[in-house]
Amino acid sequence: MSHPSHGPASGTTTADAGPGRLERLGIPPVLRWGFVAVLVFMTGNGVESNFVTPHLQAVLGSPEATVATIITAYSLSVLVGSYLSGALSDLVGPRRVMALGFVVWVVFEAVFLLGLQAGNLPVTAVAYTLRGFGFPLFAFAFLVWVNITTAKERNGAAVGWFYVAFTGGLPTLGSLFAVGAIPAFGGGTRGETGAMVASVALVVAGFLIAWFGVHDQAGRRRIAPAGESAAQVLSSGLRLTFTQPRIAMGFCVRLINTAPEFGMFIVLPAVIADDRGWGQSRWLLMTVCVYATNIFVNAAFGALGDRIGWQRTVRWFGIVGSAAGLLAWWYVPQLVPAGSDWGYVLSVVAGCVFGMLLAGFVPMGAIMPALAPDHQGAAMAMYTTAAGGASFLGSGVVALVYGLGGGNQSVVWAFVGLYAVAFVLVGFLRVPQVRTGGRAPLTADV
């Protein structure tokens, strides 16, 4: 459908002192402020990520099952919005899609907060569900922009830097902001409400940075060929998935990638804060540490994939490593004395292992368009769908296991089982690859 250039970033000049260094790192210079914008926007989006479930239960007086349904509906909106971020970017350009995501987020966040204040469950649930379209339209449209601007041999690194910004905000800096904002606004549910109100300012700031800071012309226009109708463009990702099995496999691998992360957002808050006796603030600080670790290595794993092979990096670091890290994050807190300081530190270290190795999946953002070189925009639409769908899968697995009578430990092992499925599927995702560092090209990355 679309035909990204994968050439050097447009708009750079030899007179600019910064671009050479940025390009070597894998950051298209013309998009530098876009990465900052995603970081700030996702910080605002991530403020509530680790307290929204108990907050809704407390404010609305709703049972856990009702709130889980709201979160699942929100996750479904994220899934649909993630597909639309790629498809609409092909149709009207990433810049306009980012603006649409911002408007959706702000409007429905306002309605959500008003519904909470009034204690109106239907309004709150509908508004929160619709707000789920906002952040994937903004963030994943920028990922498409990155993909059509970056030189092919640095695709892995560029995707890594995107996830530095994305996970830097959600949940890392978002949780850190919440740690300070909740007590500043009075603590308890009142402080949590204040933190969510303040998060709007961060989202607005992120949008303004992108709108006024990124001037690359490639993101301002349609990516798809002029001869394709709007319906063809919007449906091309789905058609590609049903006609090319490897795209479907890549979609599943990326879907599984971060599903446990979102599942743990549901499972662990009460376990760490209440069952293990470390409290809400320490749970939030744990989250900051875990995903700060992820931030520091996202770009490194992207660059590693550019050197040793994207598929190899995903298989051994992303899949095997993440499965081992997830088990450590669950079992270490259970094995150390509840409430102990040294036990908390060990639990944080275990979580950081998971956060670090989760970055091993970063090269999937380079593998997916390489699987369909003549339809890279459609392939990226499915990649962004899977990235957003991970939230839906994560919460869905938790709901399913709970519904079948299983407990939190069963949830963890269900996610390990999904990683085993991903290990098998990634074996089929061999793609030609131009490697950095002057090394010979890869034709079958194993």
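This write-up is about the structure you can find in this document. None of the values given here were measured: they were computed from a predicted structure. (Residues numbered from 1 in each chain as written. Predicted model: local features only at pLDDT ≥ 70, side-chain atom pairs only at ≥ 80, totals over all residues. Heavy atoms only, no water.)

1. Let's talk about the overall build of the protein chain
Helix and strand counts for the protein chain come out as 18 helices and 0 strands. In summary, the protein chain has a C-alpha radius of gyration of 21 Å against a globular reference of 22 Å for 446 residues, a match within 12%. Structurally, the protein chain occupies a C-alpha span of about 55 × 45 × 40 Å along its principal axes. Relative to its full complement of 446 residues, the protein chain shows a buried share of 59%. In the protein chain, the proportion of contacts linking residues at least 24 apart, taken out of those at least 6 apart, comes to 82%. The protein chain carries 23 positive and 17 negative side-chain charges, and their two centres are separated by 9 Å. (Helix = DSSP H or I, 4+ residues; strand = E, 2+ residues; numbered from the N terminus. Rg over C-alpha atoms; globule rule 2.2 N^0.38 Å. Buried < 20%, exposed > 50% of the residue type's maximum accessible area, 1.4 Å probe, protein only. Contact = heavy atoms within 4.5 Å. Lys, Arg positive; Asp, Glu negative; His and termini not counted. Charge placed at Lys NZ, Arg CZ, Asp CG, Glu CD.)

2. Here's the deal with the environment of A299
Within the fold, A299 resides in helix 13 (residues 279-308). Look at A299 and you get buried, because its relative accessible area is 12%. Note: C-alpha distance between A299 and P225 (74 residues apart in sequence) is 32 Å. Once residues lying within four places of it in the same chain are set aside, the contact partners of A299 are G160, W161 and V164.

3. A word on the packing of aromatic side chains
According to the stated counting rule, one finds 21 aromatic pairs in the structure shown. Relative to F166, the ring of Y163 lies with its centre 5.9 Å away and its plane at 70°, an arrangement referred to as edge-to-face. With Y163 and F166 both in helix 8 (residues 155-184) and 3 residues apart, this pair spans about one turn of that helix. One exposure class covers both Y163 and F166, and it is buried. Each residue in the set F135, F140, F162, Y163 and F166 is aromatic and connected to the rest through ring pairs, giving one cluster. The ring of W211 is capped by R95, whose NZ or CZ atom sits 3.7 Å from the centre of that ring. One cation-aromatic arrangement involves R315 over F423; the distance from NZ or CZ to the ring centre is 4.9 Å. (Phe/Tyr/Trp six-rings, centres within 6.5 Å; stacked < 30°, edge-to-face > 60°. Lys NZ or Arg CZ within 6 Å of the ring centre and 35° of its normal.)

4. Observations regarding the environment of E23
Residue position: E23 is located in helix 1 (residues 19-25). Separated by 134 residues in sequence, E23 and A157 place their C-alpha atoms 9.9 Å apart.

5. Quick notes on the state of the cysteines
The tally for this structure, following the rule as stated, stands at 0 disulfides. Here C289 stays free of any disulfide, with the sulfur of C352 as its closest cysteine sulfur at 5.5 Å. When its relative accessible area of 33% is taken as the criterion, C289 is described as partly exposed. (Disulfide = S-S within 2.5 Å.)

6. Description of empty space enclosed by the protein
In the structure shown here, the tally under the stated rule is 3 cavities of 30 Å³ or more. Taken as a whole, the largest cavity holds about 260 Å³ of empty space. The wall of the largest cavity is formed by 18 residues, among which S49, Y74, Y128, F262 and F265 lie closest to the centre. The set of elements that each furnish at least two residues to the lining of the largest cavity consists of helix 3 (52-60), helix 4 (64-92), helix 6 (121-131), helix 12 (259-275) and helix 17 (376-403). The element that contributes the greatest number of residues to the lining of the largest cavity is helix 4, accounting for 4 residues. By residue class, the composition of the lining of the largest cavity is 10 nonpolar, 6 polar and 2 charged. One number sums up the size of the second largest cavity: a volume of about 210 Å³. Contributing to the lining of the second largest cavity are 22 residues, with Y163, T167, R254, T258 and E261 lying nearest its centre. (1 Å grid on protein atoms, 1.4 Å probe; cavity = no way out; pocket = protein on both sides within 12 Å on 5 of 7 lines; lining within 4 Å. Points joined across faces, edges and corners; volume = space filled by probe spheres on them. Nonpolar A, V, L, I, M, F, W, Y, C, P; charged D, E, K, R; others polar.)

7. A few points about the layout of surface pockets
Over the atoms, a rolled probe matching the size of one water molecule traces out where space is still vacant. Considered as a void within the structure, the largest pocket measures approximately 500 Å³ in volume. T53, Q57, E64, I266 and A270 are the residues nearest the centre of the largest pocket, which is lined by 26 residues in total. Looking at the lining of the largest pocket, the elements that each hand over two or more residues are helix 3, helix 4, helix 12, helix 13 and helix 17. In terms of residue count, the dominant contributor to the lining of the largest pocket is helix 12 (9 residues). Its residues placed into classes, the lining of the largest pocket shows 16 nonpolar, 7 polar and 3 charged.

8. Overview of the side chain of E192
Inspection of the secondary structure puts E192 in helix 9 (residues 188-213). The side chain of E192 sits in the buried core without any salt bridge; R190 is the nearest counter-charge, 12 Å away. Sequence-distant contacts of E192, defined by excluding residues within four places in its chain, comprise F51, H55, I182 and Q280. (Salt bridge = Lys/Arg side-chain N within 4 Å of Asp/Glu carboxyl O.)

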